[in-house]
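Secondary and tertiary structure notes
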Amino acid sequence: MNNTIQEIKKPIVNKSLNTLKANALESEAIYIFREVVAQFERPVLLFSGGKDSITLVRLAQKAFWPAKIPFPLMHIDTGHNFPETIAFRDKLVKELGVELIVRNVQDSIDEGKVIEETGKYASRNMLQTTTLLDAIEEFKFDACIGGARRDEEKARAKERVFSVRDDFGQWDEKNQRPELFDLLNGKIELGQNVRVFPISNWTELDVWSYIEKEAIEIPSIYFAHKRKTFVRDGFIWSAEDEVVFRAEDEVVEERTVRFRTVGDMSCTAAVESYADTIEKVVSEIRDSKISERGARIDDKRSEAAMEKRKQQGYF
């Protein structure tokens, strides 16, 4: 199958520093995946349909090739995901023949475990923590693999590759295990689980460069396209759905935009861009002075928004 994530391409031999770095990052991630399978009984890959989790899927393929990926994918669906992302998720899972577990934030709302936010800045992003922790308990997962990277946000930078959570799913940033010489300690107590970050040392540019090198297919929403949008607080919001709150005086206009991150629609803004190919996206990211999470409004609720969510069990 052409230009899909199923294709496993051999690395191109190149002595450039960029290629050497990319190969080292790939080798490190593959090593981490194999350590997870060796040390844990019930791992799962948390899959959002975004570029980072898609990259993880490719790395997992390489780690266990020619066997299939030996653990399921799990998506915590807020119900407010971009349709393009959900369509891509279903297509990818079908092509790979892997198990997909979906748990819905709407169910947590219906069961009264969380309360739906309302108003101008309402979002379901924080609500998914409860759904995630319930799913971990339901399936007794002891290792949850995710695509968080240290360059994304300062709270992310405090994480280890194997990050232990207590039996309440909480993270203690002051109680982190040393990982000297890439030695990963997967020993946990009953009730604990580990969050695993195979691409922790990658940057956004590293991810995009890898996607380019491997010719990995990604959702169309990452590329420049015309979209009905409106502007609020200097951010560009999608107006093609009924999820994002829009006031009567917020005017809808068609703009050429793309999304650098594809989280919950209610907290993920677009950027104006004409980058409609992987090559153009890589060039745009290389020249960007703003973090990709600069368009994630959930990070701006307070100075320590991400850290507080992580302490409560957020990924």
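These numbers come from a predicted model, not from an experiment.

**What about the nonpolar core?**
Note that soluble globular proteins tend to have their nonpolar side chains buried in a common cluster. Counting residues in each nonpolar core, the largest one holds 58 residues, and the members touching the most others are F33, L45, F162 and W208. Domain assignment of the residues forming this core places at least three in each of domain 1 (15–215 + 306–311) and domain 2 (220–298). Within the second largest apolar cluster, 15 residues are counted, among which are L46, I109, A135 and C144.

**Structural notes on the side chain of E159**
Mapped onto the fold, E159 is located in the loop between β4 (143–145) and β5 (162–165). Taking the relative accessible area as the measure of exposure, E159 reaches 3% and is therefore buried. In this structure the side chain of E159 is engaged in a polar contact, spanning 2.3 Å, whose partner is the side chain of S163. Within polar-contact distance, the side chain of E159 engages the side chain of R165 at 3.2 Å.

**Examining the layout of surface pockets**
Taken as a whole, the second largest pocket spans an internal volume of roughly 400 Å³. If you go around the second largest pocket, you meet 19 residues; those closest to its centre are I136, E137, F141, G191 and Q192. If one sorts the elements of the lining of the second largest pocket by residue count, helix α5 (residues 128–139) sits on top with four residues. By residue class, the composition of the lining of the second largest pocket is six nonpolar, four polar and nine charged.

**Overview of the sheet that holds strand β1 (residues 43–46)**
If you walk across this open sheet you meet the six strands as β3-β2-β1-β4-β6-β5, and the pairing is mixed. Each having just a single partner strand, β3 (100–104) and β5 make up the two edges of the open sheet. Neighbour-to-neighbour, the strand axes of this sheet turn through a mean angle of 30 degrees, independent of strand direction. Where strand β2 (residues 73–77) and β3 come together, five bridges link them in parallel fashion. Bridge pairing in β3 links D77 to N104. Across the face of the sheet, helix α2 (residues 51–64) comes into contact with β1, β2 and β4 while running at roughly 140 degrees to β1.

Rules used in this analysis
- Residues numbered from 1 in each chain as written.
- Predicted model: local features only at pLDDT ≥ 70, side-chain atom pairs only at ≥ 80, totals over all residues.
- Heavy atoms only, no water.
- Core = buried A, V, L, I, M, F, W, Y, C linked by side-chain atoms within 4.5 Å.
- Buried < 20%, exposed > 50% of the residue type's maximum accessible area, 1.4 Å probe, protein only.
- Domains from an automatic or database assignment.
- Helix = DSSP H or I, 4+ residues; strand = E, 2+ residues; numbered from the N terminus.
- Polar contact = N/O pair within 3.5 Å; in protein donor to acceptor, adjacent residues only side chain to side chain.
- 1 Å grid on protein atoms, 1.4 Å probe; cavity = no way out; pocket = protein on both sides within 12 Å on 5 of 7 lines; lining within 4 Å.
- Points joined across faces, edges and corners; volume = space filled by probe spheres on them.
- Nonpolar A, V, L, I, M, F, W, Y, C, P; charged D, E, K, R; others polar.
- Pairing = 2+ DSSP bridges.
- Axes fitted to C-alpha atoms, helices over the stretch in contact; angles between N-to-C directions.
- Contact = heavy atoms within 4.5 Å.

Purely spatial values, then, with no claim about function.
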